[in-house]
Amino acid sequence: MTAIDPEVVDAEAEARRARLFTRINKADAWFSALGLSWVTPILRAFAGDNPGAQAKEIWRLLGVPVLAICAFLVLWGSLAPKVQTSLGAIPGPAQVWEQVINLHEDAVRETEKEAAFYVRQDERNAKLIANGQEDKVKERVYTGKPTYYDQIWTSIKTVFFGFLIASAVAIPLGISAGLSQTANAALNPLIQIFKPVSPLAWLPIVTMVVSAVYTTNDGMFSKSFLISAITVTLCSLWPTLINTALGVSSIDKDLVSVSKVLKMNTWTKITKLVLPSALPLIFTGLRLSLGVGWMVLIAAEMLAQNPGLGKFVWDEFQNGSSQSLAKIMVAVFTIGIIGFLLDRIMYAIQAAFTFTNNR
């Protein structure tokens, strides 16, 4: 028999443990980007890395936020019934959750109605074809009321469309302003003038321009969609433009000197030197722009009565039923949660780009 060297076994175990912690440390960047930082100390504790210290970290990252949320819910539930409004008492957590369930059930019922409508239409058309009456076959689109989920999806599509247009405009202009003092001098007064303008001021102008220019009714986009998206664009491009210009102008001067020595053309200089160096600030601007765009969109939808969560809130306010206030609060939490998720998505994309550039 061959004797097993205990030192070799210990070395292999230590090597496996080191590889495990390396994987945990690599995953930590993604957990942080997704807002799941508390997962890392849990994994480290299970791996045997100072469980006491990891327990304190779990408490700080997970226990304290959960405790704060619970305290908020208790405070909300105890104080809400004491505040009377024209629509009745402020709804507590239980009433708001009840409306979450009701909105979901309404969406399910509406989906079933839509499915039944298309089934009936297909059956009717099949009978007409079987009877040789193809000329009477019609394909109609279901025109039932939009569900709460439809309103959410409409707002998300609109904000991303406006955000992408804003990014496509702001990033090149920011690069130009960062590389050229002349371009910066030209853009700076425009930025200072238009950056503080409220979406409520832009909305009437955008509405009139879109109505005058976009006259078709069967185009790729509806007028209401374009009005909301362009308003988002006009209000959200400034953080990206400013941060891009700042990031480009702050790159290491030695890198600029290297580009001159290597006689890089403008495109190579921008893609190989400028963008990688300015990427953190560019992404900071993008995250700020997306957050601003989401806030602007809700206001624009409320004021212009364009489809989306903003219109849902305004319609419920105008409805004035006993359930309206709870539904409005459901929308408020939905808006906040989606805003948080949008920021996490941008942070995750930033982490992915940073990881790729550092490889």
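Structure's up top.
Reading guide: rules and limits
Residues numbered from 1 in each chain as written. Predicted model: local features only at pLDDT ≥ 70, side-chain atom pairs only at ≥ 80, totals over all residues. Heavy atoms only, no water. Core = buried A, V, L, I, M, F, W, Y, C linked by side-chain atoms within 4.5 Å. Buried < 20%, exposed > 50% of the residue type's maximum accessible area, 1.4 Å probe, protein only. Helix = DSSP H or I, 4+ residues; strand = E, 2+ residues; numbered from the N terminus. Contact = heavy atoms within 4.5 Å. Axes fitted to C-alpha atoms, helices over the stretch in contact; angles between N-to-C directions. Parallel < 35°, antiparallel > 145°, perpendicular 65-115°, else oblique. Left-handed = near helix turned anticlockwise from the far one by under 90°. Nonpolar A, V, L, I, M, F, W, Y, C, P; charged D, E, K, R; others polar. Expected span 1.5 Å × (residues − 1). Bend = angle between axes of the 7 residues up to and from the residue. Phe/Tyr/Trp six-rings, centres within 6.5 Å; stacked < 30°, edge-to-face > 60°. Lys NZ or Arg CZ within 6 Å of the ring centre and 35° of its normal. Patch = residues over 30% accessible without salt bridge, like charges linked within 9 Å, V, L, I, M, F, W, Y side chains within 5 Å. Areas by Shrake-Rupley, 256 points an atom, 1.4 Å probe, with all protein chains shown as cover. Salt bridge = Lys/Arg side-chain N within 4 Å of Asp/Glu carboxyl O. Lys, Arg positive; Asp, Glu negative; His and termini not counted. Charge placed at Lys NZ, Arg CZ, Asp CG, Glu CD.

Here we take up the nonpolar core. When a protein is soluble and globular, its nonpolar side chains tend to lie buried together. Tyr148, Val159, Trp294, Leu309 and Ile338 are the most contacted members of the largest nonpolar core, which has 38 residues in total. Taken together, the elements giving at least two residues each to this core come down to helix H4 (93-130), helix H5 (148-179), helix H8 (223-249), helix H10 (266-304), helix H11 (309-319) and helix H12 (324-358). With residues up to four places along the chain from it excluded, the contact list for isoleucine 338 reads Ile152, Ile156, Trp294 and Leu309. Listed in part, the nine residues of the second largest apolar core include Ala166, Ala170, Ala177 and Ile191.

Look at helix H7 (residues 199-213) against H8: their axes get within 9 Å of each other, and the N-to-C directions meet at 135 degrees. With respect to H8, the element H7 is oriented oblique. By crossing handedness, the relation of H7 to H8 is classed as right-handed. Where H7 abuts H8, its residues Pro199, Trp202, Leu203, Val206, Thr207, Val210 and Ser211 lie against Lys223, Leu226, Ile227, Ile230, Thr231, Leu234 and Cys235. Considered class by class, the residues forming the contact of H7 with H8 number 10 nonpolar, three polar and one charged.

Mapping serine 289 onto the fold places it in helix H10. According to the relative accessible area criterion, serine 289 is buried, its value standing at 1%. For serine 289, the residues in contact, after removing those within four places along its chain, are Phe163, Ser236, Leu237, Pro239 and Thr240.

Phi is mostly negative for residues that are not glycine, and the peptide bonds are mostly trans. Even without glycine at this site, glutamine 305 takes up a positive phi of about 60 degrees. By the element assignment, glutamine 305 lies in the loop between H10 and H11. On the basis of relative accessibility, which here comes to 29%, the residue glutamine 305 falls in the partly exposed class.

Let's shift gears to H10. The terminal C-alpha atoms of H10, which comprises 39 residues, lie only 43 Å apart, well short of the 57 Å expected from a rise of 1.5 Å per residue. Of all the bends found along H10, the most pronounced is centred on leucine 279 and spans about 60 degrees, while proline 280, a proline, follows it within four residues. Backbone geometry just after H10 places glutamine 305 at a positive phi near 60 degrees.

Taken as a whole, this structure holds 10 aromatic pairs when the rule is applied. Consider the rings of phenylalanine 194 and tryptophan 202, whose centres lie 5.8 Å apart with planes at 35 degrees: the pair is tilted. Looking at phenylalanine 194, the relative accessible area reads 31%, which means it is partly exposed. Members of the aromatic cluster, connected to one another through ring pairs, are Phe72, Trp76 and Phe333. A cation over a ring is seen here: arginine 344 above tyrosine 347, with NZ or CZ 4.9 Å from the ring centre.

There is a patch of like positive charges on the surface, built from Arg16, Arg19, Arg23 and Lys26. Locating lysine 26 in the fold gives a position in helix H1 (residues 6-33). Residue classification places lysine 26 among the exposed residues on the basis of a relative accessible area of 60%.

Taken together, the side chains of Ile69, Phe72, Leu73, Phe333, Ile337, Phe340 and Leu341 define a hydrophobic patch exposed on the protein surface, amounting to about 650 Å² of accessible area. Among the secondary structure elements, those contributing two or more residues to the nonpolar patch are helix H3 (51-79) and H12. With four residues, H12 is the largest single contributor of residues to the nonpolar patch. Inspection of the secondary structure puts leucine 341 in helix H12.

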